[in-house]
Amino acid sequence: MKTAVIVFPGSNCDRDLAVAIESVTGSKPEMVWHGESALPDGLGLIALPGGFSYGDYLRCGAIAARSPVVRAVVDAANRGTPVIGICNGFQVLTETGLLSGALMRNSGLDFVCRDVDLTVENSQSIFTSRYDAGETISIPVAHHDGNYFADAETLDRIEGEGRVAFRYAGNVNGSARNIAGIVNAGGNVLGMMPHPERKIEAAHGGSDGRRLFEGLLEAVA
Ligand SMILES: NC(=O)CC[C@H](N)C(=O)O
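Sequence order as written defines the numbering, with residues in each chain counted from 1. The predicted nature of this model means local features are confined to residues of pLDDT at least 70 and side-chain atom pairs, given and counted, to a pLDDT of 80 or more, with totals for whole chains, interfaces and linings taken over all residues.

(A) The overall build of the chain, seen in detail. Scanning the chain for helices and strands turns up five helices and 11 strands. For a compact globule of 221 residues, the expected C-alpha radius of gyration is about 17 Å, and the chain comes in at 15 Å, within 12% of that figure. Referenced to the eigenvectors of the C-alpha coordinate spread, the extents of the chain come out at roughly 40 × 35 × 35 Å. Taken over 221 residues, the chain has a buried fraction of 50%. Contact between two residues is assigned whenever their backbone-derived C-beta positions fall within 7 Å. Considering only residue pairs separated by 6 or more positions, the chain has 74% of its internal contacts joining residues 24 or more positions apart. Only DSSP runs of H or I reaching four residues or more are called helices, and only runs of E reaching two or more are called strands; each is numbered from the N terminus. With the radius of gyration taken over C-alpha atoms, the globule rule is written as 2.2 Å times the number of residues to the power 0.38. Residues with at least 20 other C-beta atoms within 10 Å of their own are called buried, those with 12 or fewer are called exposed, and the rest are partly exposed. The C-beta atoms themselves are positioned from the backbone.

(B) Spotlight on the site of the ligand. Any residue whose C-beta atom, as set from the backbone, lies within 6 Å of a molecule or strand is reported as near that molecule or strand. In the neighbourhood of the ligand, the contacting residues comprise Gly-50, Gly-51, Phe-52, Asp-56, Cys-60, Cys-87, Asn-88, Ala-142, His-143, His-144, Asp-145 and Gly-146. Polarity classes work like this: nonpolar for Ala, Val, Leu, Ile, Met, Phe, Trp, Tyr, Cys and Pro, charged for Asp, Glu, Lys and Arg, and polar for all others, with Gly in that last group. Taken together, the residues of the shell around the ligand sort by class into four nonpolar, six polar and two charged.

(C) Geometry of the pairing of strand β3 (residues 45–48). Here β3 shows two buried faces, one formed by Leu-45 and Ala-47 and the other by Ile-46 and Leu-48. Where strand β1 (residues 3–7) and β3 come together, three bridges link them in parallel fashion. Paired with Val-5 across the strands is Ala-47, a residue of β3. Strands are labelled as partners when DSSP assigns at least two bridges between them. Where β3 meets strand β4 (residues 83–86), three bridges bridge the pair, whose relative direction is parallel. When the sheet's bridge partners are listed, Leu-48 is paired in β4 with Gly-85. For the crossover from β3 across helix α2 (residues 68–78) to β4, the handedness is right-handed. Crossover handedness is defined by viewing with both strands directed away from the observer: a clockwise path from the first strand over the helix to the second marks the crossover as right-handed.

(D) Structural context of the UniProt feature "active site" (unreviewed entry) in the chain. UniProt positions are given in the numbering used here, feature names are shortened, and annotations may be inferred rather than shown by experiment. The positions that UniProt labels "active site" (unreviewed entry) are, in the present scheme, Cys-87, His-195 and Glu-197. A maximum C-alpha distance of 11.0 Å places the annotated residues, which cover 111 residues in sequence, within one compact spot. With respect to the helices and strands, the residue Cys-87 is situated in the loop between β4 and α3 (88–96). Accessibility expressed as a C-beta count within 10 Å gives 30 for Cys-87, which makes it buried.

(E) Quick peek at the sheet that holds strand β6 (residues 112–120). Strand order in the open sheet formed by nine strands is β2-β1-β3-β4-β11-β10-β9-β6-β7, with mixed pairing between adjacent strands. One side of each edge strand has no neighbouring strand; the edge strands of this open sheet are β2 (30–33) and β7 (136–143). Neighbour-to-neighbour, the strand axes of this sheet turn through a mean angle of 25°, independent of strand direction. For helices, the fitted axis covers only the stretch in contact; all axes are lines through C-alpha atoms, and the angles between them, taken along N-to-C directions, range from 0 to 180 degrees.

(F) Expanded view of the environment of Ala-47. With respect to the helices and strands, Ala-47 occurs in strand β3. A residue is classified by how many C-beta atoms lie within 10 Å of it, and Ala-47, with 27 of them, is buried. Here the alpha-carbon distance between Ala-47 and Gly-187, two residues 140 residues apart in the chain, equals 15 Å. Apart from residues no more than four positions distant in its own chain, Ala-47 is found in contact with Thr-3, Ala-4, Val-5, Leu-17, Ile-21, Pro-29 and Ile-84.

(G) Region of the structure containing the nonpolar core. Among the nonpolar cores identified, the biggest contains 62 residues, and Ile-6, Leu-17, Ile-46, Ala-47, Ala-165, Val-189 and Met-192 are the most heavily contacted of them. A total of five residues in this core trace back to one element, the largest contributor, which is helix α1 (residues 14–25). Sequence-distant contacts of Ile-46, defined by excluding residues within four places in its chain, comprise Ala-4, Ile-6, Leu-39, Val-73, Ala-76, Thr-81 and Val-83. For this analysis, nonpolar core means a set of buried Ala, Val, Leu, Ile, Met, Phe, Trp, Tyr and Cys residues linked through C-beta atoms within 7 Å.

(H) Inspection of the packing of α1 against helix α5 (residues 210–220) at higher detail. Orientation of α1 relative to α5, taken along the N-to-C sense of each, is 55°, at an axis distance of 9 Å. The angle between α1 and α5 places the two elements in the oblique class. In this structure, α1 meets α5 at a crossing whose hand is right-handed. In contact with Ala-20, Ile-21, Val-24 and Thr-25 of α1, α5 contributes Arg-210, Phe-213, Glu-214 and Leu-217. In the contact of α1 with α5, the residues fall into five nonpolar, one polar and two charged. Any angle from 65 to 115 degrees is called roughly perpendicular, while one under 35 is roughly parallel, one over 145 is roughly antiparallel, and all others are oblique. Crossings are sorted by hand: turned counterclockwise from the far helix by less than a right angle, the near helix makes the crossing left-handed, and turned clockwise it makes it right-handed.

(I) Representation of unusual backbone geometry within the structure. If you check the backbone angles, Cys-87 has positive phi at about 55° while not being a glycine. Positive phi values are uncommon outside glycine, yet Asn-178 reaches one of about 55°.

Shown next, in the form of structure tokens:
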């Protein structure tokens with residue numbers, strides 16, 4: 001599967017994400033710089049990594065969402081290409097409008113960096129097919145703006161349509177309804193604050209993140 005990882009000034013999880021994708025797909029992703037106006041042809045997956053794009057100036061992800069390459073990412077997503085945004089990548093996806101809601105400052109005003117338990121809410125998506133619905137998995141978080149917000153009507157719609165992928169098993173950052181990750185209405189775009197690429201082998205202390213990439217590979221292939 002041909003894949004791409006988008007790299008912004010300030011991204012710091014791009015290499016980890018590339019290693020995770022390569023270890024599952026067997027081929028290296030193309031690393032695509034934010035200034036590019038076009039993406040490589042035939043991508044089976046576009047991945048937006050974590051980090052501090054543009055120094056988190058203005059709002060996390062706000063400037064990255066307006067970079068040339070992200071216009072091409074939005075077009076590809078609207079044509080159905082699978083897109084995953086992790087942490088800062090999730091923030092970018094909400095800033096583009098591809099995903100509903102916003103990521104605000106953590107309710108405790110601190111940077112939260114630790115393993116958290118997540119409940120898999122929906123195992124029907126292309127991103128979660130290797131998990132069981134209701135299963136608890138452990139994945140690290142590392143963010144200061146992970147407090148998911150949307151108005152009640154939007155939250156009801158997302159939940160009603162089964163678009164909550166992962167929920168924190170407890171209050172991590174003040175997120176509405178403990179939402180940790182959501183998919184878009186088309187089912188091809190996932191945003192999540194926890195970092196599955198940091199839990200793909202025993203040396204990481206667990207491999208609960210690996211199944212996300214394995215399921216995605218299977219679904220896309
Ligand atoms: N690990 C990350 O991607 C962090 C995202 C963002 N800079 C925040 O702290 O909220």
